[in-house]
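Residue-level structure breakdown
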2 protein chains.
Amino acid sequence: MENSELRHIMLLKAKAAKKASRKLGAMNIEQKNNILSAMVAALQQNMKEILFHNGIDIQAAKEAGITATFIDRLTLTEKRVNNAINGIKDVILLQDPIGSVIEENKPSIDIDVKKIRVPLGVIGIIYEARPNVTVDATTLCLKAGNAVILKGGSEAINSNRILVKIIYDAGLRAGMPDGAIQFIDTTNRIAVKELLHLDNLIDLLIPRGNEELIKFIKTHTSIPILSHGKGLCHTYVDKDADIDMAVNIAVNAKCQRPSVCNAMETLLVHKDVAGKILPKLCKLYNNANVEIRGCEISKDIVNSINLATEEDWKTEYLDLILSIKVVNSLEDAIVHINKYGSMHSEAIVTNNKETADNFITEIDAAAVFVNASTRLHDGSVFGLGCEIGISTQKLHARGAMGIKELTTTKYIVKGRGTIRN
Amino acid sequence: MENSELRHIMLLKAKAAKKASRKLGAMNIEQKNNILSAMVAALQQNMKEILFHNGIDIQAAKEAGITATFIDRLTLTEKRVNNAINGIKDVILLQDPIGSVIEENKPSIDIDVKKIRVPLGVIGIIYEARPNVTVDATTLCLKAGNAVILKGGSEAINSNRILVKIIYDAGLRAGMPDGAIQFIDTTNRIAVKELLHLDNLIDLLIPRGNEELIKFIKTHTSIPILSHGKGLCHTYVDKDADIDMAVNIAVNAKCQRPSVCNAMETLLVHKDVAGKILPKLCKLYNNANVEIRGCEISKDIVNSINLATEEDWKTEYLDLILSIKVVNSLEDAIVHINKYGSMHSEAIVTNNKETADNFITEIDAAAVFVNASTRLHDGSVFGLGCEIGISTQKLHARGAMGIKELTTTKYIVKGRGTIRN
């Protein structure tokens, strides 16, 4: 396809999405839930077809010699499709964010000011291997009254195409406006570049993928972006910690799923309890094949620890590697975290309320955990339904993002012929 | 000054601001209001000195042959300083946004999730002539627990320097953390460029000034920006409008202060009432020296109207010029506004509730007015205290921005040794 033709197609798709978004924005919760319910039924009925088309992608990926991890992410099973279906069901149960009054003011007798929640309009999702994002993202966008433009990874194009066909047809039959879901059905990379120029039609872009993809998008568009940031997360074991609890949390935060953003990368331990907790903990880490890189003090306590370098404090391992530092005080822990952390998820284990409160106030992060594992930072754990990611930005959305983060606001001002004097 | 030296100074200033912001963020409302009250007293006591230093700037501007409009914006009078002082008093009366619980969830028995409001950290304000912004912006930033970096226009440097000296000294005596207000005391333009690189220290930039300045900043930084957008605002007079009310609103929206973003630029009139309202209205506009550029139908009704071109529907005049279009229906009005409007402030005059509701739902704008003038779109009119601008972005802040828009959020998660399974 010629680039100019591709540009034209992208423009038409974005225009169709904008048109549909106006209709979606005026729909009530019953109408939107009907559409989502129809999608649930259609996905259930077409399970075999989904797995068949996914099989084509998997076969092609294997032939292309793509890594096993990647193929795992690409693979749909009956269980994974059912998880996506359950995600839709959870979102159906959520209240409608649209139209809710956020603020209300009556600054004078002849004027009423309300700030209400409204859809953003058109949301573009640019993602990589996992085909379930096709379903998750569409579900959240539609519930919040937005049209969605989907650009998945080339390797998943057959899976994404069949998933979109199923949910689109089901949605239309249940009253979804024509054009509400736009699928970019090409593996041509120019398509993404063209989308990035449509800042008058696309209201938000959500890139989901590796840092390179996100960086590329950020530097090539003026469309606002919400992106999943990196997680260099710490757990601080205070001198007033319950040692057993601290051990339990520290093992969970590192080992339960080390490859994700909310896993712990650095453990900070107060010097008064380091001698008590580190031997116990390192034994457990050893059993779990965790490589430890610690400061000199930690190495004096547990000989098998490797010495950490400055680089270690800055590294998001996303692996079974952990850096450990013994600190002199709460203050030292806070300084270390605010210096090296990525403002994602930070935890303290302590039974001292004042210490916990100081930690909460002074740590600059999207989520602060007291006596809990950083692994809990997740939209579904927090009760938001399925999530669209975890933001480490400070503007618009911070931390686990749900439906509300896919909306904006509108002031509604009602007067009685009111003018400005 | 060498550029490398300037770079070093900017870095030190931003670091000092970040350090101060941690302390400000932990202050309660009494502490913050004490600081603001001290500033009120100090500004009152030093009125003469302020006007004296402002006089130096005005003299220099006159000698440089700068326009009268600009000199008006640069000029401080006792009344204008008192307005700024009253702005601080209004902000003192506002509730503390910090620490308030926005959402609360208990997704399971052993975990409590709260989302609370916290300061952004360090806010940079880059502005032009008006020295009162120095006081307004500092006040809002401090009340929201943020440190502020002020970079005013070169022409106002003496005025800004004395204002900062007065409020800084007064703040310090009242317990403000050292470094909470950073004044960029140079007219070297490189200073701004250096600030734009400090994305790890500055959390938000607010450019206030012409479109060129805002564009320059947007394209040269990865620091998040909140900017005041342009206003191409419409008023639609519906067939069910009260004609006297419509006349009153249409005159106010155009004439009360034509140079500002929330003034009306285009009037849309339903064909059924065009014959009734246009002659009356054009007479009043004529008396107010408003130049009218209308569609052919409007010209058939009032001969003196000049014919509008396509360019007119796209133009933010910011002047005593108005374009007028007669439309066939509410739907036509909505299509015109969503096509040409800047999503700032849009008004309808109608006594038909259903028509008003459709207009509210389908118009995509920061604020929608029913039977009221678009000129009312203002933070102080809406009861937000002084305002930091009106955003036409959809992310983070939309419409009149107050203190809340200078904050972000933090999840506080309290467990009982809770881990992820």
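Residues numbered from 1 in each chain as written. Chains lettered and ligands numbered in written order. Predicted model: local features only at pLDDT ≥ 70, side-chain atom pairs only at ≥ 80, totals over all residues.

**Describing the overall build of chain A**
Keep this limit in mind: In this description a helix means any DSSP run of H or I spanning at least four residues, a strand means any run of E spanning at least two, and both kinds are numbered starting from the N terminus. Atoms counted for the radius of gyration: C-alpha only. Globule rule: 2.2 Å times the number of residues to the power 0.38. With C-beta atoms placed from the backbone, a residue is labelled by how many other C-beta atoms lie within 10 Å of its own: buried for 20 or more, exposed for 12 or fewer, partly exposed between the two. Placing C-beta atoms from the backbone, we regard two residues as in contact once those atoms come within 7 Å.
Counting its secondary structure elements, chain A contains 15 helices and 16 strands. Relative to the globule expectation of 22 Å for 421 residues, the C-alpha radius of gyration of chain A, 24 Å, shows essentially globular dimensions. Each of the three principal axes of chain A carries a C-alpha extent, and together these read 70 × 65 × 40 Å. By residue count, 54% of the 421 residues in chain A fall in the buried class. Contacts in chain A between residues far apart in sequence, at least 24 positions, make up 72% of those at least 6 positions apart.

**What about the interface of chain B and chain A?**
Here is the rule we go by: Side-chain classes are defined by residue name, with Ala, Val, Leu, Ile, Met, Phe, Trp, Tyr, Cys and Pro counting as nonpolar, Asp, Glu, Lys and Arg as charged, and the others, Gly among them, as polar. What makes two strands pair is DSSP finding at least two bridges between them.
The interface is formed by 54 residues belonging to chain B together with 54 residues belonging to chain A. Breaking the side of chain B that touches chain A down by element, the ones donating at least two residues are α1 (3-25), β1 (101-108), β2 (111-119), α10 (243-255), α15 (353-362), β13 (367-372) and β16 (407-418) of chain B. The element that contributes the greatest number of residues to the side of chain B that touches chain A is β16 of chain B, accounting for 11 residues. Grouping the amino acids of the side of chain B that touches chain A by side-chain chemistry returns 25 nonpolar, 18 polar and 11 charged. Relative to β13 of chain B, strand β16 (residues 407-418) of chain A runs parallel, the two sharing 5 bridges. Its bridge partner being in β13 of chain B, Tyr411 of chain A is matched across the sheet by Ala367 of chain B.

**Structural notes on the packing of helix α3 (residues 47-63) of chain A against helix α7 (residues 157-173) of chain A**
Residue and element names in this part refer to chain A. How we decide: Axes, fitted as lines to C-alpha atoms, cover a helix only where it is in contact. Angles between the N-to-C directions of the axes lie from 0 to 180 degrees. When an angle is under 35 degrees it counts as roughly parallel; over 145 it counts as roughly antiparallel; between 65 and 115 it counts as roughly perpendicular; any other value is oblique. Should the near helix be turned anticlockwise from the far one by less than a right angle, the crossing is termed left-handed; should it be turned clockwise, right-handed.
It is at 7 Å that the axes of α3 and α7 come closest, and there the two elements cross at 160°. Taken together, the axis directions place α3 and α7 in an arrangement best described as roughly antiparallel. The interaxial crossing formed by α3 with α7 has right-handed handedness. Contacts from Glu49, Ile50, His53, Asn54, Ile56 and Asp57 of α3 reach α7 at Asn158, Ser159, Ile162 and Leu163.

**Quick look at the sheet that holds strand β6 (residues 204-208) of chain A**
Residues and elements named next belong to chain A. Strand order in this open sheet of 4 strands is β5-β4-β3-β6, and the pairing throughout is parallel. Two strands lie at the open edges of the sheet, namely β5 (181-183) and β6, each paired on one side alone. Each strand axis lies, on average, 15° off the axis of its neighbour in the sheet, ignoring direction. Pairing of strand β3 (residues 122-127) with β6 involves 5 bridges; the strand directions are parallel. Pairing of Gly124 across the sheet is with Leu205, part of β6. Across the face of the sheet, α7 comes into contact with β4 (147-151) and β5 while running at roughly 155° to β5.

**A look at the nonpolar core**
Which entries qualify depends on this criterion: Defined on buried residues, the nonpolar core groups Ala, Val, Leu, Ile, Met, Phe, Trp, Tyr and Cys residues joined through C-beta atoms within 7 Å.
With 261 residues, the main nonpolar core has Ile167 of chain A together with Ile167 of chain B as its most contacted residues. Look past the residues within four positions of Ile167 of chain A in its chain and what remains in contact with it is Met39, Ala42, Leu43, Val135, Thr138 and Ile181 of chain A.

**So, the relation of the copies chain B and chain A**
Put simply, the rule is: Only residues with pLDDT of at least 70 in both copies contribute their C-alpha atoms to the least-squares superposition of the copies.
Of the transformation placing chain B onto chain A, the axial shift is 0.0 Å and the rotation is 180°, giving an RMSD of 0.0 Å. What the rotation and shift describe, once combined, is the action of a two-fold rotation axis. Taking C-alpha positions as the reference, the residue of chain B nearest the rotation axis is His396 of chain B, at 1.9 Å.

**Some words on the sheet that holds strand β11 (residues 321-327) of chain B**
The mixed open sheet is built from 10 strands, whose spatial order is β1(A)-β2(A)-β16(A)-β13(B)-β12(B)-β7(B)-β8(B)-β11(B)-β9(B)-β10(B). The open sheet has two edge strands with one neighbour each: β1 (101-108) of chain A together with β10 (306-307) of chain B. The pairing of strand β9 (residues 291-294) of chain B with β10 of chain B spans 2 bridges and is classified as parallel. Across the sheet, Gly294 of chain B pairs through a bridge with Leu307 of chain B, a residue of β10 of chain B. Where helix α14 (residues 330-340) of chain B meets the sheet, it contacts β7 (233-237), β8 (264-270), β11 and β12 (345-349) of chain B, and its direction lies at approximately 140° from that of β11 of chain B.

**Let's talk about unusual backbone geometry**
Peptide bonds are trans in most cases, and residues, glycine excluded, mostly fall at negative phi. Positive phi values are uncommon outside glycine, yet Leu318 of chain B reaches one of about 55°. Looking at where Leu318 of chain B falls in the secondary structure, it is placed in the loop between α13 (310-313) and β11.

**Considering helix α6 (residues 132-143) of chain A**
Residues and elements named next belong to chain A. Definition in use: Helix span, as expected, comes to 1.5 Å for every residue beyond the first.
Helix length check: α6 (12 residues) gives 17 Å between terminal C-alpha atoms against 16 Å at 1.5 Å per residue, within 8%. Extensive coverage of α6 is indicated by the burial of 12 of its 12 residues. Where α6 is concerned, the buried positions are Asn132, Val133, Thr134, Val135, Asp136, Ala137, Thr138, Thr139, Leu140, Cys141, Leu142 and Lys143. Directly beyond the C-terminal end of α6, a positive phi value near 80° is found at Gly145.

**Remarks on the packing of helix α2 (residues 29-45) of chain A against helix α5 (residues 78-93) of chain A**
All names here are of chain A. At a minimum axis separation of 10 Å, α2 and α5 run at an interaxial angle of 165°. Looking at the two axes, α2 sits roughly antiparallel to α5. Handedness of the crossing formed by α2 with α5: left-handed. Contacts between α2 and α5 involve Asn33, Leu36, Ser37, Met39, Val40, Leu43 and Gln44 from the former and Val81, Ile85, Ile88, Lys89, Val91 and Ile92 from the latter. Of the residues belonging to the contact of α2 with α5, the class tally is 9 nonpolar, 3 polar and 1 charged.

**Here we look at the pairing of β4 of chain A**
Residues and elements named next belong to chain A. Summarising burial for β4: 5 of the 5 residues are buried, a large majority. Side-chain alternation along β4 places Ala147, Ile149 and Lys151 on one buried face and Val148 and Leu150 on a second face that is also buried. Pairing of β3 with β4 involves 5 bridges; the strand directions are parallel. Residue pairing for β4: Ile125 is matched across the bridge by Leu150.

**Let's talk about helix α10 (residues 243-255) of chain A**
Given 3.6 residues per turn, any residue in an α-helix points the same way as the ones three and four places further on. Over its 13 residues, α10 of chain A extends 18 Å from the first C-alpha to the last, a length consistent with the 18 Å expected when each residue adds 1.5 Å. Turning to α10 of chain A, its buried residues are Met245, Ala246, Val247, Ile249, Ala250, Asn252, Ala253 and Lys254 of chain A.

**Here we look at the pairing of strand β13 (residues 367-372) of chain A**
Residues and elements named next belong to chain A. By the criterion of burial, β13 is predominantly enclosed, with 6 of the 6 residues buried. Relative to β13, strand β12 (residues 345-349) is paired through 4 bridges, and the arrangement is parallel. Considered in β13, the bridge of Ile348 is made with Val370.

**Here's the deal with the domain arrangement of chain A**
Quick note on the threshold: Reported domain spans reflect what an automatic or database domain assignment gives.
By the assigned domains, chain A splits into domain 1 (3-227) and domain 2 (233-376). One C-alpha centre belongs to domain 1 of chain A, the other to domain 2 of chain A, and the line joining them spans 37 Å.

**Examining the environment of Asp185 of chain B**
Within the fold, Asp185 of chain B resides in the loop between β5 (181-183) and α8 (190-196). Counting along the chain gives 28 residues from Asp185 of chain B to Ile157 of chain B, while the straight-line C-alpha distance between them is 7.4 Å.

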